[in-house]
Amino acid sequence: MLEDLLRKGLLTVLEKYGVFEEDVQIELEKPRDRSHGDLSTNLALMLGKRLGRKPRELAGEIAADVSFPRDVIESVEIAGPGFINFRIARQHQIDLLLDVWNPEGALQDIRTAGHKRINVEFISANPTGPLNVVSARAGAFGMTMVRLLEAVGYDAHAEYYVNDAGRQVTLLGQSLRAHYLQLLGEEVVFPEEGYKGQYLEIMAAELLHQDEAAIRAASAAFNDESFQRVAAPPGCANDWRRLPDDESARCFSKYALMKILGWQRETCRRFGLRFDTWYFESELHETKRLDRALERLRKQDAVYEEDGAVWFKSSTHDDEKDRVLVRADGRPTYFLADIAYHYHKFQRGFEHAIDYWGPDHHGYIQRMQGAMAALDIEPGWLEVQILQHVNFLEGGQPIKMSKRAGSFVTMDALIDEVGADVTKYIFLTRKPNSHLDFDLDLAKDQTEKNPVLKVKYAHARICSLLNEAASRGVIVGEPSPAMLAHLEHEAEWALVGELIRLPRIIVSAAWAREPHRLTGYADDIAALYNEFYTKCRRILDQPEERRQSQLQLSLVTRRVIKVLLDLIGIDAPEKMEKRD
RNA sequence: GCGCCCGUAGCUCAGUUGGAUAGAGCAGCGGAUUUCUAAUCCGCAGGCCGCAGGUUCGAGUCCUGCCGGGCGUGCCA
């Protein structure tokens, strides 16, 4: 690695000052300003005080003393208050560029995680209605994180937790049943806090008019293994309604669950999300994992009984207060189920787990971490990422969203109107924990002005250029040092300087859990390519060597853009419709 | 009240973990096309980085206190 070479060279010089490897962390970064060279260190600024020297003088001495092979580091300069700037020799930049191009090169070298198994759980929306736009942000982040983790060598596993047990699901069944009976003209008391969304009315109408056909259709969506447990209840709706209330509601609930999970899964598919596991809460109950988790906590002396309920001593783990695991009436809380779920996740052999949660769950983190600690799971095993709230604006006004009241923008509508690619890209240009205003009108009406198109266009443009070359009989060779040595223009070298950062960008985005670095970088690459393309126009009319070098540079650029768009999960088009 | 997140251009947001003259897109203004798609490029304008202190060679970034916005603070999920 280039950085290692620089560090080693600098350390050799620093020994004369009595500074050794363990004394100092040498930072190297790419300066914002191109005129400041390719890499820069603030070493002299950091050491100035410790050595009682003026930073600028110290930098001058170090710069004069340090030595590198000329074909790697072309120049060493001091600037500003005491920065030492390095300029990478063009020969070496070409080597780095080829390292990015070579499939066995840099993109293999960054796969350092050793196939460790890592679980990424995201969306995990309640199965009580269609996915809404909030899940779109989680989907974009979760899926890209999975791919990023794979890119750095993890064996990453995408998981969706389905809360198909508990009160919400019961309420769902009762709500559907009430809608159904209402359609029959019966007097019904709609459950308090029930679900009033229009989708339940439609679902009820389907049951009324198609009944068994509707049930068969919904069941057919679940013929694969992971959804085996989502099965249609016996009989038809007309039978269900005559059963005793509880049992009747359970039948309607099962049907609704089946139907809604079908929607959710289809929405995810449309959005390009692939889950390795859909984990059902009901399985936890059936396999007695709640009892087992509770038993384990008991053995650790982490629970006690009071007022008829079973409490977890989360206050000993920095939580504000203790939390109930089993209610006085004997029903377990969601918290206990969640503990059992994560305990099982741990037992399934994942070395690390990342959960994407909404901002309304942040108060939940402490008790969850407390439970993990009480179960002797190493600290840091569970990593919770909070995705901040998204404000959707329509006509300049925020849209209030309430699932129970049934008013929200569905993820499907977003995909229909804005498109999956644009939506993902927009979400991934923002940091996970920043609040975000998403103007639907703007996204819908002005999609051609969205930055994602600039990146797609750059890719299409390169394809188009290469096609044109082929049709003129120009053969584009594999990128090679001999040809790339003919790069001349400043814009070409600026592009090279950016392209060779790809491995570092991927690594930093993966480790910092900040996929938005990918979109920012993709935008930079596209801008630099377009700049090069405009300033060095009519590439194919250039002399053969110049032409070859530029075409080869284009090839590498196309691959870099493709790698980025694949990570983000959006299409890299070979051509785009000409606008007007 | 307490806890968490956020305050950066008119708008939406970046800012390489403390670096050099704070950036991009959109909106505004002015230029560039006999093309290999102008869905592009070039230029101009736009800023007390919420406010006030502190830490140090150096702060949009770190610490404290305010101000403003969002969320949480259930034997709900």
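Residues numbered from 1 in each chain as written. Chains lettered and ligands numbered in written order. Predicted model: local features only at pLDDT ≥ 70, side-chain atom pairs only at ≥ 80, totals over all residues. Heavy atoms only, no water.

1. Re the overall build of chain A
Here is step 1: Counting secondary structure elements, chain A contains 24 helices and 14 strands.
Here is step 2: Structurally, chain A occupies a C-alpha span of about 90 × 65 × 45 Å along its principal axes.
Here is step 3: The 580 residues of chain A split such that 51% are buried.
Here is step 4: Accessible surface, chain A: about 27400 Å² in total, of which carbon and sulfur atoms supply 47%. (Helix = DSSP H or I, 4+ residues; strand = E, 2+ residues; numbered from the N terminus. Buried < 20%, exposed > 50% of the residue type's maximum accessible area, 1.4 Å probe, protein only. Areas by Shrake-Rupley, 256 points an atom, 1.4 Å probe, with all protein chains shown as cover.)

2. Structural notes on the protein's contact with RNA strand B
Here is step 1: Around RNA strand B, the structure places 64 residues, and the nearest of them are Arg461, Ser464, Tyr533, Arg538 and Glu577.
Here is step 2: The contact in question runs from a base nitrogen of RNA strand B to an N or O atom on the backbone of Asp541, over 3.5 Å.
Here is step 3: Every element with two or more residues in the surface near RNA strand B is listed here: helix 2 (43-51), strand 3 (83-88), helix 7 (167-183), strand 8 (309-312), strand 14 (436-439), helix 19 (451-471) and helix 23 (516-535).
Here is step 4: The element contributing the most residues to the surface near RNA strand B is helix 19, with eight residues. (Near = heavy atom within 4 Å. Polar contact = N/O pair within 3.5 Å; in protein donor to acceptor, adjacent residues only side chain to side chain.)

3. Digging into the pattern of salt bridges
Here is step 1: Per the counting criterion, the structure on display carries 34 salt bridges.
Here is step 2: Notably, a salt bridge pairs Asp65 with Lys16, separated by 2.6 Å at the nearest N-O pair. A residue pair is termed long-range when its members are at least 10 positions apart, and Asp65 in helix 3 (residues 55-65) and Lys16 in the loop between helix 1 (2-14) and strand 1 (39-41) qualify at 49 residues.
Here is step 3: Residue classification places Lys16 among the exposed positions, given a relative accessible area of 60%.
Here is step 4: Residues Lys454 and Asp523 are paired through a salt bridge, measuring 3.7 Å at the closest nitrogen-oxygen approach. Linking Lys454 in helix 19 with Asp523 in helix 23, this pair joins segments that are 69 residues apart in sequence.
Here is step 5: A residue is classified by how much of its surface remains accessible, and Lys454, at 33% relative accessible area, is partly exposed.
Here is step 6: Relative accessible area serves as the criterion here: at 22%, Asp523 is assigned to the partly exposed category.
Here is step 7: Through salt bridges that share partners, Lys30, Glu498 and Arg501 make up one connected network. (Salt bridge = Lys/Arg side-chain N within 4 Å of Asp/Glu carboxyl O.)

4. Regarding the packing of aromatic side chains
Here is step 1: Following the criterion strictly, the structure yields 23 aromatic pairs and no others.
Here is step 2: Residues Tyr161 and Tyr279 carry aromatic rings whose centres are separated by 6.3 Å and whose planes lie at 40° to one another, so their mutual orientation is tilted. Of this pair, Tyr161 sits in strand 5 (residues 155-162) while Tyr279 sits in strand 6 (residues 277-280), and the two are 118 residues apart along the sequence. Across this residue pair, the class does not change: Tyr161 and Tyr279 are buried.
Here is step 3: On the numbers, 6.1 Å between centres and 55° between planes, the contact of Tyr334 with Tyr364 is tilted. In this pair, Tyr334 sits in helix 14 (residues 334-347) while Tyr364 sits in the loop between strand 10 (352-357) and helix 15 (365-374), placing the two residues 30 residues apart along the sequence. (Phe/Tyr/Trp six-rings, centres within 6.5 Å; stacked < 30°, edge-to-face > 60°.)

5. Some thoughts on the nonpolar core
Here is step 1: Counting residues in hydrophobic clusters, the biggest one holds 130 residues, and the most contacted among them are Ile123 and Tyr255.
Here is step 2: For this core, the element with the most residues is helix 6 (residues 133-151), which contributes 11 residues.
Here is step 3: Residues lining this core come from more than one domain, with at least three contributed by each of domain 2 (167-267) and domain 4 (451-568).
Here is step 4: Ignoring sequence-local partners within four residues, the contact set of Tyr255 consists of Leu176, Met203, Glu206, Leu207, Ala214, Ile215, Ala218, Pro233 and Trp240. (Core = buried A, V, L, I, M, F, W, Y, C linked by side-chain atoms within 4.5 Å. Domains from an automatic or database assignment. Contact = heavy atoms within 4.5 Å.)

6. Points about the sheet that holds strand 13 (residues 397-398)
Here is step 1: The three strands are arranged 13-12-14 in an open sheet whose pairing can be described as mixed. Across the chains shown, the open sheet's two edge strands, defined by having one partner strand only, are strand 13 and strand 14.
Here is step 2: Bridge count between strand 12 (residues 390-394) and strand 13: two bridges; the pairing is antiparallel. Pairing of Glu394 across the sheet is with Gln397, part of strand 13. (Pairing = 2+ DSSP bridges.)

7. Notes on the domain arrangement of chain A
Here is step 1: Splitting chain A by domain gives domain 1 (2-88), domain 2 (167-267), domain 3 (289-360) and domain 4 (451-568).
Here is step 2: Computed from C-alpha coordinates alone, the two centres of domain 1 and domain 4 are separated by 31 Å.

8. Looking at the packing of helix 19 against helix 24 (residues 544-568)
Here is step 1: With their axes 10 Å apart at the nearest point, helix 19 and helix 24 run at an angle of 145° to one another. The two elements helix 19 and helix 24 cross, and the hand of that crossing is left-handed. Judged by residue contacts, Val455, Ala458, His459, Ile462, Cys463, Leu465, Leu466 and Ala469 of helix 19 engage Leu551, Ser554, Leu555, Thr557, Arg558, Ile561, Lys562 and Leu565 from helix 24.
Here is step 2: Each residue belonging to the contact of helix 19 with helix 24 can be placed in one class, and the counts come to 11 nonpolar, three polar and two charged. (Axes fitted to C-alpha atoms, helices over the stretch in contact; angles between N-to-C directions. Left-handed = near helix turned anticlockwise from the far one by under 90°. Nonpolar A, V, L, I, M, F, W, Y, C, P; charged D, E, K, R; others polar.)

9. Quick notes on the packing of helix 23 against helix 24
Here is step 1: Across the interface, helix 23 lies against helix 24 with an axial gap of 10 Å and an inter-helix angle of 155°. For the element pair helix 23 / helix 24, the angle class is roughly antiparallel. Crossing of helix 23 against helix 24: the hand is left-handed. Here Leu518, Thr519, Tyr521, Ala522, Ile525, Tyr529 and Phe532 of helix 23 lie close against helix 24, whose contacting residues are Gln550, Leu553, Ser554, Thr557, Val560, Ile561, Leu564, Leu567 and Ile568. (Parallel < 35°, antiparallel > 145°, perpendicular 65-115°, else oblique.)

10. Focus on unusual backbone geometry
Here is step 1: The backbone of Ser124 sits at a positive phi, close to 40°, despite the residue not being glycine.
Here is step 2: Within the secondary structure layout, Ser124 lies in the loop between strand 4 (117-121) and helix 6.
Here is step 3: At Asp211, a residue that is not glycine, the phi angle is positive and equals roughly 45°.
Here is step 4: Take Asp211: it is sitting in the loop between helix 8 (198-209) and helix 9 (212-220).
Here is step 5: On the basis of relative accessible area, Asp211 is assigned to the buried category, the value being 13%.

11. Focus on the side chain of Glu3
Here is step 1: Within the secondary structure layout, Glu3 lies in helix 1.
Here is step 2: For Glu3, the side chain forms a polar contact with the side chain of Arg504, separated by 3.0 Å.
Here is step 3: Not counting residues within four places of it along the chain, the set of residues in contact with Glu3 comprises Leu28, Leu39 and Arg504.

12. Considering the pairing of strand 14
Here is step 1: Side-chain alternation along strand 14 places Leu436 and Phe438 on a buried face and Asp437 and Asp439 on a face that remains uncovered.
Here is step 2: With four bridges connecting them, strand 12 and strand 14 associate as parallel partners. Along strand 14, the bridge assignment pairs Val390 with Leu436.

13. Some remarks on helix 14
Here is step 1: A rise of 1.5 Å per residue sets the reference length of helix 14, with its 14 residues, at 20 Å; its end C-alpha atoms lie 20 Å apart and thus fit the reference within 8%.
Here is step 2: Of all 14 residues that make up helix 14, 11 are buried, and the element is covered over most of its length.
Here is step 3: Three or more residues of helix 14 are buried, namely Phe335, Leu336, Ala337, Asp338, Ile339, Ala340, Tyr341, His342, Tyr343, His344 and Lys345.
Here is step 4: Following helix 14 by one or two positions, Gly349 has its phi on the positive side, about 100°. (Expected span 1.5 Å × (residues − 1).)

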